[in-house]
Every structure is written in C-alpha cells, then in structure tokens.
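Here are the chains, one letter per residue:
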Amino acid sequence: MRILVFSDSHGDVASITKIMKKFYPDVAMHLGDGIEDLLNMAEDFPLTRFLHVRGDVDNSGDIYIKELFDNISIYMTHHEYQFTIKHDMDKISDIKKLDSQIILYGNTHTPTFFVSNGVTFMNPGSISNAHGFRTFGMIDIVDDKYFCEIMFADLIS
C-alpha cells in the first residue's frame, strides 16, 4: 500500500497533481491548510482513497483522524504536535495513549521526521514552496511493516 501525505498546499494544486500522477497512491492524505486542493481531484483518481484534517485556513473537516492500514495505525492532525516531542516525556506518555505507530502533522511548513519511543513522527512540510522548496511525505506499507520518507517535489520528474 502506498500513501502520499501533503500539507499546507495553500492553493498549489499543480504540485499535488504532478505528484499524484507520478505515484497514483492507494491513499492520499492532506494535513490541512488547503484541503480542497487535494479533494477537488478525487474524481481524477477514482482508485485512491482521500483523507484530510482541517487546518487553520480550512472551513471543514475533522481536527484529527486515526485510521488503520494493514495493521498500522496512523494518527493525522494539523498542528497538535509541533512541539519538540522527543525531549518531553510527559507529552510522550500522552502520545502513547493514542496507540498509533505513525503520527502525521503539518502547520510548520518545515519537513520533520523522527522516531521516539517506538512512534514515528512525520511532518511532510509544505507542498506550496513555502521555504523555497516543495516537500511531501510517502508511506509504504508492506507485510505489517512501514517505510516513511519525506520527498522533494521539485526533484520528481
């Protein structure tokens, strides 16, 4: 299973479209601030499941979603985890209660990836060239194992 993770697109439909056409994912996620940019292309990708959470500039959607994909639990939110989790044990214990292997968040426009106490945290950054480059996340799930990476959209041909 392949999952693409976008965040903070702020109207950059062209970048999302390019990546979607390159990878044709099983699931496409948007972590807020431009969810319509992804949802408007659902008709063009009928085999892709679309999920989103509301960001600061979005008018609708859940604040968080927790989904199970091939026995891998993924928690999505926009900005609940923008603090430095790996050094705050009180917050780690709260996060463990979420019972998710992967926690995805956006908002900062800064790509971030780390593993702490067995939980993988990924912020795909911004697909909208917010810091001079466009980034997105990719998650591959194979045989109850997962592989996460942050990719630079401008390097995808």
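All of the points below concern the structure found in this document.

The rules behind each value
- Residues numbered from 1 in each chain as written.
- Predicted model: local features only at pLDDT ≥ 70, side-chain atom pairs only at ≥ 80, totals over all residues.
- Heavy atoms only, no water.
- Pairing = 2+ DSSP bridges.
- Helix = DSSP H or I, 4+ residues; strand = E, 2+ residues; numbered from the N terminus.
- Axes fitted to C-alpha atoms, helices over the stretch in contact; angles between N-to-C directions.
- Phe/Tyr/Trp six-rings, centres within 6.5 Å; stacked < 30°, edge-to-face > 60°.
- Buried < 20%, exposed > 50% of the residue type's maximum accessible area, 1.4 Å probe, protein only.
- Patch = residues over 30% accessible without salt bridge, like charges linked within 9 Å, V, L, I, M, F, W, Y side chains within 5 Å.
- Areas by Shrake-Rupley, 256 points an atom, 1.4 Å probe, with all protein chains shown as cover.
- Salt bridge = Lys/Arg side-chain N within 4 Å of Asp/Glu carboxyl O.
- Lys, Arg positive; Asp, Glu negative; His and termini not counted.
- Charge placed at Lys NZ, Arg CZ, Asp CG, Glu CD.
- Contact = heavy atoms within 4.5 Å.
- Arc of directions from axis to C-beta.

## Topic: the sheet that holds strand E7 (residues 112–116)
Read from one edge of the open sheet, five strands run E4-E5-E6-E8-E7, paired in mixed fashion. A strand with exactly one partner marks an edge of an open sheet, and here the two such strands are strand E4 (64–69) and E7. Within the sheet, the average angular offset between the axes of one strand and its neighbour, ignoring direction, is 15°. Bridge count between strand E5 (residues 72–77) and strand E6 (residues 102–104): three bridges; the pairing is parallel. Looking across to E6, one finds that Tyr 75 is bridged to Ile 103.

## Comments concerning the packing of aromatic side chains
For any pair of aromatic rings, the description consists of the separation of the ring centres together with the inter-plane angle of the planes. Applying the stated criterion across every chain yields a total of six aromatic pairs. Measuring from centroid to centroid gives 6.2 Å for Phe 23 and Phe 136, while their planes differ by 50°, and the two rings are tilted. Here Phe 23, found in helix H1 (residues 13–23), pairs with Phe 136, found in strand E9 (residues 135–142); they are 113 residues apart in sequence, far enough to count as distant. The two residues Phe 23 and Phe 136 agree in class, both being buried. Here the aromatic residues Phe 6, Phe 23 and Phe 136 are joined through ring pairs into a cluster of three or more.

## What to know about the environment of Asn 59
Its location among the elements puts Asn 59 in the loop between strand E3 (49–52) and E4. By relative accessible area, Asn 59 is classed as exposed at 79%. Between the C-alpha atoms of Asn 59 and Asp 33, which are 26 residues apart in sequence, the distance is 9.5 Å.

## Digging into a negative patch on the surface
Together, Asp 26, Asp 70, Asp 143 and Asp 144 make up a region of like negative charge exposed at the surface. With respect to the helices and strands, the residue Asp 143 is situated in the loop between E9 and strand E10 (145–152).

## Section: the sheet that holds E3
The strand order across the open sheet formed by five strands is E3-E2-E1-E9-E10, and the pairing between neighbours is mixed. Each edge of the sheet is formed by a strand with only one pairing partner; in this case those strands are E3 and E10. Across this sheet, the average inter-strand angle for adjacent strands is 20°, counted without regard to direction. Of the pairings in the sheet, the one linking strand E1 (residues 2–6) to E9 comprises four bridges and is antiparallel in character. Bridging across to E9, Ile 3 finds its partner in Ile 139. Sitting on the sheet, H1 touches E1, strand E2 (27–30), E3, E9 and E10, and the angle it makes with E1 is about 175°.

## Side note on H1
Ser 15, Ile 16, Ile 19, Met 20 and Phe 23 are the residues of H1 that are buried. In an axial view of H1, the angular spread of the buried residues amounts to 130°, which keeps them on one side of the axis. Within H1, the exposed residues directed more than 90 degrees away from the buried face are Ala 14 and Lys 21. Looking at the packing, one finds that the buried side of H1 touches E1, E2, helix H2 (35–39), E3, E9 and E10. With its phi angle positive at about 40°, Tyr 24 sits one or two positions after the end of H1.

## Looking at the pairing of E10
The two faces of a sheet get side chains in turn, since along a regular strand they alternate between them. Pairing of E9 with E10 involves eight bridges; the strand directions are antiparallel. Residue Phe 136 lies in a different strand from E10, and its bridge partner there is Met 151. The turn joining E9 and E10, which pair antiparallel and follow one another in sequence, is formed by two residues; a positive phi near 50° is taken by Asp 143.

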